[in-house]
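Below are the chains, spelled out letter by letter.
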Amino acid sequence: MERIYLDNNATTIVDPTVREAMDPFYCHMYGNPNSLHSFGIEVRPYLHQAMEQMYAAINAGDEDDIIINSCATEGNNTVIMGMYFSLLKETRKKRIVTTQLEHPCIREACRFLETQGVKVTYLAPDRQGLITPEMVKEVISDKTALVSVMWANNETGLILPIKEIAEVCKEKGVYFHTDAVQAIGKVKVDMQDVPADFLTFSAHKFHGPKGAGGLYVRKGGMLPPLLHGGEQMGGHRAGTVDVPGMVGMGKAMEIAVESLEYENTHVRRLRDKFEDALMQIDDVLVVGDRDLRTPNTVYVSIRGVEGEAMIWDLNQNGIAASTGSACASESLEASPILTAIGADKELAHTGVRFSLSRFTTEKEIDFTIEVVKKAVVRLRQLSTSY
Ligand SMILES: Cc1ncc(COP(=O)(O)O)c(CNc2co[nH]c2=O)c1O
């Protein structure tokens, strides 16, 4: 059988339709959009179309901004560092509230600001693995400059109550940022319904190209640029625009929103079929209520089976999964989410994440179920603790 890719929360295949849309901008229409001659002018309508697709995909207001950048790591750093230079340095607002669930690019940016004298609160998830609006309300003060909470967790797929958290922040007059990397294309993202001030996304998470990302800034949101230089993106992000990347991201975002129904029916059905099969195995813990998770993700702990050992076994059978965020896959620390929900230390090291996509087939899921069952038997026989 062909290799099976079940690590879509790490990155996704570029949709062939997206690739087709990108192709002309490598060797045919390759001008710099800032150039005044025909080579530059001819690409601009395609960038405008891409912007229109992105605005429509998240229902952004006409006076809101979407700043095109290289990835969500850049977008998240732009928000965190931008807050520091626009608010934290100059005003009495010296605090940031975020969570222990965030991706390393949020946590590490906050840790850097702590070395600059900023006080950061890292909220711990509850026993269900969630951050609640009440938790945020409790720690917000008149010194809080920014609250940053991810829309959906990359390891477990757990969806956080972003609308309610954004409403708490609006009521308190505190800027709110959400990292929506794992939400776009999986749940509805509507900026007229969710009063977030900033939102970040990354094209390679929804079948667009790697190296393209976006930062939504609601009208009136002031953020200094992270990258200084030319006048691109209205001075909000210097650097020659990645034309094929931006065209690809716009097309991918349009398709991702059109595919929401498919993700939440067909992909969800395959995920649930896989999860039901996992639950037939003794001493297995699946993190989070499946109705509170993105439709493509299942994070499972199998007692007596080290996460890395399972990943190796799967890989030997041509199946790609992960122990969690690839950005942190080298760290052998226990998962904070498993620790927070009360999983014992042994279980907290056994997490394996499977993340499907609209390209996953039922045949692939059926094959993976058989491989996992055999791997559990084999690895438990080798275990000294099971
Ligand atoms: C929630 C979240 N935020 C930010 C990022 C960083 O995005 P990038 O800058 O485009 O790379 C990721 C990537 N998450 C993962 C990358 O590999 N496995 C993952 O779970 C993510 O899942």
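Residues numbered from 1 in each chain as written. Predicted model: local features only at pLDDT ≥ 70, side-chain atom pairs only at ≥ 80, totals over all residues. Heavy atoms only, no water.

(A) Inspection of the overall build of the chain at higher detail. A tally of regular secondary structure across the chain gives 14 helices and 12 strands. Taking 21 Å as the expected radius of gyration for a compact globule of 386 residues, we find that the chain reaches 21 Å, a close match to that expectation. Taken across its 386 residues, the chain has 56% of its residues classed as buried. The long-range fraction of contacts in the chain, counting pairs at least 24 apart against all pairs at least 6 apart in sequence, stands at 73%. (Helix = DSSP H or I, 4+ residues; strand = E, 2+ residues; numbered from the N terminus. Rg over C-alpha atoms; globule rule 2.2 N^0.38 Å. Buried < 20%, exposed > 50% of the residue type's maximum accessible area, 1.4 Å probe, protein only. Contact = heavy atoms within 4.5 Å.)

(B) Here's a closer look at the site of the ligand. Neighbouring residues of the ligand: 19 residues in total, closest Thr73, Asp179, Gln182, Ser202 and His204. Here aspartate 179 contributes a side-chain N or O atom positioned 2.6 Å from a nitrogen atom of the ligand. Serine 202 places a side-chain nitrogen or oxygen 2.5 Å from an oxygen atom of the ligand. When the ligand sits alone it has 490 Å² of accessible area, and the protein chains cover 94% of it. Among the residues forming the shell around the ligand, the class breakdown is eight nonpolar, eight polar and three charged. A domain-level breakdown of the shell around the ligand finds at least three residues from each of domain 1 (4-12 + 260-382) and domain 2 (16-258). (Near = heavy atom within 4 Å. Polar contact = N/O pair within 3.5 Å; in protein donor to acceptor, adjacent residues only side chain to side chain. Areas by Shrake-Rupley, 256 points an atom, 1.4 Å probe, with all protein chains shown as cover. Nonpolar A, V, L, I, M, F, W, Y, C, P; charged D, E, K, R; others polar. Domains from an automatic or database assignment.)

(C) Local environment of the sheet that holds strand β4 (residues 119-123). Reading across the sheet, the seven strands line up as β2-β8-β7-β6-β5-β3-β4 and stay open at both edges, with mixed pairing between neighbours. The open sheet has two free edges, formed respectively by β2 (65-69) and β4, since each of these has just one partner strand. With direction set aside, neighbouring strand axes in the sheet form an average angle of 20 degrees. Alignment of strand β3 (residues 95-99) against strand β5 (residues 144-148), held across three bridges, turns out to be parallel. Directly across from isoleucine 96, in β5, lies its bridge partner leucine 146. Across the sheet, helix α4 (residues 44-57) touches β2 and β7 (198-202), and the angle it forms with β2 is around 120 degrees. (Pairing = 2+ DSSP bridges. Axes fitted to C-alpha atoms, helices over the stretch in contact; angles between N-to-C directions.)

(D) Highlighting the pattern of salt bridges. A complete count under the given rule lists 23 salt bridges for this structure. Ionic pairing is found between aspartate 291 and arginine 268, a salt bridge with its closest N-O pair at 2.6 Å. A residue pair is termed long-range when its members are at least 10 positions apart, and aspartate 291 in the loop between β9 (284-286) and β10 (297-302) and arginine 268 in helix α10 (residues 260-278) qualify at 23 residues. Arginine 293 serves as the salt-bridge partner of glutamate 275, at 2.7 Å between the closest nitrogen and oxygen. Placement of glutamate 275 in helix α10 and of arginine 293 in the loop between β9 and β10 is noted, with a sequence separation of 18 residues between them. (Salt bridge = Lys/Arg side-chain N within 4 Å of Asp/Glu carboxyl O.)

(E) Spatial organisation of the sheet that holds β10. Here three strands make up an open sheet; going across it, the order is β9-β10-β12 and the pairing antiparallel. Edge positions in the sheet fall to β9 and β12 (351-355), since each has one partner strand and no second. Across the sheet, the axes of successive neighbouring strands diverge by a mean angle of 25 degrees, strand direction being ignored. Across five bridges, β10 lies against β12 in antiparallel orientation. Looking at β12, one finds that valine 298 is bridged to phenylalanine 354.

(F) Fine view of the pairing of strand β6 (residues 175-179). The element β6 is largely enclosed, with a buried count of four among its five residues. Where β5 meets β6, three bridges bridge the pair, whose relative direction is parallel. Bridge pairing in β6 links serine 148 to histidine 177. Taking the sense of rotation as the criterion, the β-α-β connection linking β5, helix α8 (residues 162-172) and β6 turns out right-handed. (Right-handed = clockwise from strand over helix to strand, strands pointing away.)

(G) Structural context of the environment of arginine 353. Relative to the helices and strands, arginine 353 resides in strand β12. Side-chain polar atoms of arginine 353 contact the side chain of aspartate 7, separated by 3.0 Å. One polar contact links the side chain of arginine 353 to the main-chain carbonyl oxygen of asparagine 154, over a distance of 2.6 Å.

(H) Structural context of the side chain of threonine 368. Structurally, threonine 368 can be placed in helix α14 (residues 362-382). By relative accessible area, which is 0% here, threonine 368 ends up buried. Threonine 368 has contacts with Ile4, Leu6, Phe274, Ile319 and Phe354, leaving out every residue within four places of it along the chain.

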